[in-house]
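Structure assessment
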Amino acid sequence: MAEHEDIRTGRHCVFALHAHLVFMTKFRHKVFTDTHLNRMEEIMRDVCADFETELREFNGENNHVHLLVNFPPKIALSRLVNSLKGVSSRRMRQEFPELARHYYRANKLWSGSYFAGSVGGAPISVLRQYIEQQNRPG
């Protein structure tokens, strides 16, 4: 059963929906530093807030990021993903010109594909621990 803090209520429902999302950089290039990941987390938290979604955990390595999101049933996960990737790509390339130069031809930060897995089999604490233990660049 979900932990009590994970249960949310909507107008006509009670829910505990979590998704594990993984976004890879275009061509799996190793471009992120700790500074990039810190700013990206802020951007993605803002996007999630706009969708009434909670970013429960965020971490990454130099070529991909992991997100654990708690979302209401009215949100189409694909729309959330498109917004997360689009907004973060645009803002990161604006704020960090070295990223824009790196992807000058593609003009995109993220690969077109992504991973989305529903979370429920493993306890949330195990998934959080997995995300926390990502080998974050210094």
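My aim in this report is to walk through the structure given alongside it, one point at a time.

Calculation notes
Residues numbered from 1 in each chain as written. Predicted model: local features only at pLDDT ≥ 70, side-chain atom pairs only at ≥ 80, totals over all residues. Heavy atoms only, no water. Axes fitted to C-alpha atoms, helices over the stretch in contact; angles between N-to-C directions. Helix = DSSP H or I, 4+ residues; strand = E, 2+ residues; numbered from the N terminus. Parallel < 35°, antiparallel > 145°, perpendicular 65-115°, else oblique. Left-handed = near helix turned anticlockwise from the far one by under 90°. Contact = heavy atoms within 4.5 Å. Nonpolar A, V, L, I, M, F, W, Y, C, P; charged D, E, K, R; others polar.

Here the focus is the packing of helix H1 (residues 34-50) against helix H2 (residues 77-95). Between H1 and H2, the least distance of the axes is 10 Å, while the angle of their chain directions is 140°. By the angle between their axes, H1 is oblique relative to H2. As H1 packs across H2, the resulting crossing turns out to be right-handed. Touching His 36, Arg 39, Met 40, Ile 43, Met 44, Val 47 and Cys 48 of H1 are Ser 83, Leu 84, Val 87, Ser 88, Arg 91, Met 92 and Glu 95, all from H2. Of the residues contributing to the contact of H1 with H2, the split by class is 8 nonpolar, 3 polar and 3 charged.

Right, let's talk about the environment of Val 14 for a bit. Its place among the elements puts Val 14 in strand E2 (residues 14-15). If we ignore the near neighbours within four places in the chain, the residues touching Val 14 are Ile 7, Arg 8 and Thr 9.

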